[in-house]
Each structure stands twice: as structure tokens, then as C-alpha cells.
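Residues per chain are reported as follows:
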Amino acid sequence: MEHLRITNLRSLSDTTSIKFGRLNVFVGQNSSGKSTFVRTFPLIKQSVQVRTTSGILWFGPFVDFGSFEEALYSGAKEKKISMEMSFRAPLRRFRFRPKSGITRLYSRVIPMTTRVSILLDKDNPGKYLSGYDFLIWGQVIKILINQDLKIISFNVNRQDFTEIARDEYALFRQFNLFPGMVIKSELDSEQSAFDTPICNIMRQYVHGKKDSSAIMQSLRDVGFSSPTNIFEQLKNLDLGTYWSDKVQTWEKDSEPLKQITTLIYAREFYKIIEAAGDYISDMAERIHYITPLRATAERYYRTQGLAVDEIDPQGRNVAMFLANLSEDDANKFADWTAHHMGFEVRAAVRQGHV
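Not measured: the values here are computed from a predicted model.

A. A look at helix α6 (residues 212-219). Those residues of α6 that sit buried are Ile-215, Met-216, Ser-218 and Leu-219. Buried residues of α6, seen end-on, are gathered within an arc of 160 degrees and therefore sit on one face of the element. Contacts from the buried residues of α6 go to α5 (195-203) and α9 (255-267).

B. Here's a closer look at the side chain of Asn-146. Structurally, Asn-146 can be placed in strand β9 (residues 139-146). Assessed through its relative accessible area of 12%, Asn-146 is described here as buried. Among the polar contacts made by the side chain of Asn-146, one reaches the main-chain amide nitrogen of Asp-148 at a distance of 3.0 Å. Dropping the residues within four chain positions of it, Asn-146 is found in contact with Asp-121, Tyr-128, Leu-129, Ile-152 and Arg-173.

C. Region of interest: the pattern of salt bridges. Taken as a whole and assessed by the stated rule, the structure comprises 17 salt bridges. Note that Asp-133 is salt-bridged to Arg-115, the shortest N-O span being 3.1 Å. Here Asp-133, found in strand β8 (residues 128-136), pairs with Arg-115, found in strand β7 (residues 109-120); they are 18 residues apart in sequence, far enough to count as distant. For Asp-133, a relative accessible area of 14% corresponds to the buried category. Taking the shortest distance from any N to any O, the salt bridge between Lys-271 and Glu-268 comes out at 2.6 Å.

Each value, and the rule that gives it
- Residues numbered from 1 in each chain as written.
- Predicted model: local features only at pLDDT ≥ 70, side-chain atom pairs only at ≥ 80, totals over all residues.
- Heavy atoms only, no water.
- Buried < 20%, exposed > 50% of the residue type's maximum accessible area, 1.4 Å probe, protein only.
- Helix = DSSP H or I, 4+ residues; strand = E, 2+ residues; numbered from the N terminus.
- Arc of directions from axis to C-beta.
- Contact = heavy atoms within 4.5 Å.
- Polar contact = N/O pair within 3.5 Å; in protein donor to acceptor, adjacent residues only side chain to side chain.
- Salt bridge = Lys/Arg side-chain N within 4 Å of Asp/Glu carboxyl O.

All quantities given are derived from atomic positions and should not be read as evidence of function.
Structure, rendered in C-alpha cells:
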């Protein structure tokens, strides 16, 4: 993750964008929001581990923010909590399509800034809306859904595609900050609902005798990428001399090019939200949180037949963690404590206790 920005969470009205290095130290007065900011990471982790109705699990095994109302900044002008993150997320390399089986996708890492927001549903008291905003290569995508996973709005570059998105996309809950997405058109055809408006624009720049099916077929060859790369792909489409001559006159800010690019981003949105979800899920697995308060050490711990590969936030399972280490890792840990602290830490199993 390259940066994180939090708005309207506890004492944090707006952190602005905080960029990360390999080691990050936060210094400030008491109650200035240091702990709240740091606890955002275990909040993300516990939200990924459990299916929730709003994408955020405010109370869980790692941190307790209470509820949305309790977590909301008291001076918030809008009842909306947001987390904005930037990172480079790889697209999935393979995808199963009901009609054609497993398909290899155009593999690429995409730089994105995404904002996950939770806000009150004004039309349904007691319920919440989830907003997901993306900025990718200068293209802005916004989707808003309710707790029933209905798409309330879907916009790309300020163009409203809500109705098409409702026909094309079905959402489902998963272990992630982002919902899962089913592409309905894949169930009965290979043609996206967004291909028709793209085809209608392109038809204006091909020979009148060119069949629409040829244009539709060519659209399958245009992969998701940056606007510049999409322009190059369009130039290379085999749609006849008339198309080639027309496209060569376009500039990067030509209206038909912007319209086609916008529609392609709308069509490929499922790849974007999948990539974001995969990245956050993978990142959450690597988050390890240690609370400020430590558990008191016991003389003995009852042996449990559990595999322990991570120390819990309070440190209550340190003995079990050490007992699960391999002999080589246990020796390395003991050597490390001896070198840095002047004493060795080891776990020994005796008569059913550690």
C-alpha cells in the first residue's frame, strides 16, 4: 500500500493522504488519533475474515470500534466514514466463463486509488450504503450499493450507467471489503451489455456495409488497459481501411475515443473490483497487530491440539506459538532473544502443559 487516508473515524476528521515507508512512526499528543489510525489495519483484517452486511466489521477479534454511530467522528458534516488507499493490484490471470470455460486474461498490474465508504441509507433508517470509488489511469469509477446488494448508482467519468450495470452485474457477499461480482451476460452469451453502446459509436467510423457482428467480434480483442493503450488497440483493429483512416485522425482527447474508453472501463469493472479485493485480502493476511496492553505471563499453559501460526493481539498464545515452532526456528528465536535481550526464550512441554 502506498498511502492511506481516513475521514470521519473517531477523532480523525481527515488525515489527508499519509504515505508509507518501510518503517513508520507516529508521534503526537494524547487523543490525537494515532491509535485510531494504526487500528485501521486490524479493522481491515477482521473485516476481510467475516462476511458483513456493510463491508466493515466494526467489532471483531482484533479491534472494537463499537458501531458505525460510535465510530463516526462527532463533528462530521456528513454521516460517512471513508478509507482511501492507493496500491498496485494485479489483474487475475485466469477466469472461468460458463460458455467458453477457463480463459486466460491479459495479465497486468494496475495502479489504483480506491475509496471505501460507509454511509447512512437515508431512505431506509437503520441501514447503510457502501460506496466504492476508483481512480485508475485518470478514469473515475463510482458504484454505490445498499445492504441488499442492489446497485443504487454506477458512474464512469461522470456518465451514468446504472441501468446497464443492473442488467450486467449481480453482487454477492464475500470475505472482503469489496463485494463479489457475477457477470450475467457470461451466463447466456459472450457479449457484454456494454458492447452494444460501444458498437453504436464505432459504427459511425466504419464502412456502411460493415456488419455489426464484425464490430462486436473485434471488441473482444480490446483488453483492459490504460487509455493510451486502448487507443493503440483500437488503431490495430481489422475493421477495414475506412476505420483505419478515421481512427488515425483521432487525438487522445477526441470525443469518440473518450466515450469508447469510458464504456470499456464500465464493461471491465468486474476486473477492477476483483483486483482490488484480491489485493486487500492478500494484504490483510500479512497484517499482524499487537495491542498496547500485554497479557500477564502464566507459569504453565495447558497444551492444546491446535496449530498456532500467529500471535494474537494480546499475546495470550505466545507459549503455544513457540511450542509450534520447528526445532530450527525455536533455536533461531532463542538465539535472537539472547543476543538482543540477554536471555533465551524457549517453550517446553511437560505433562500436558507448556
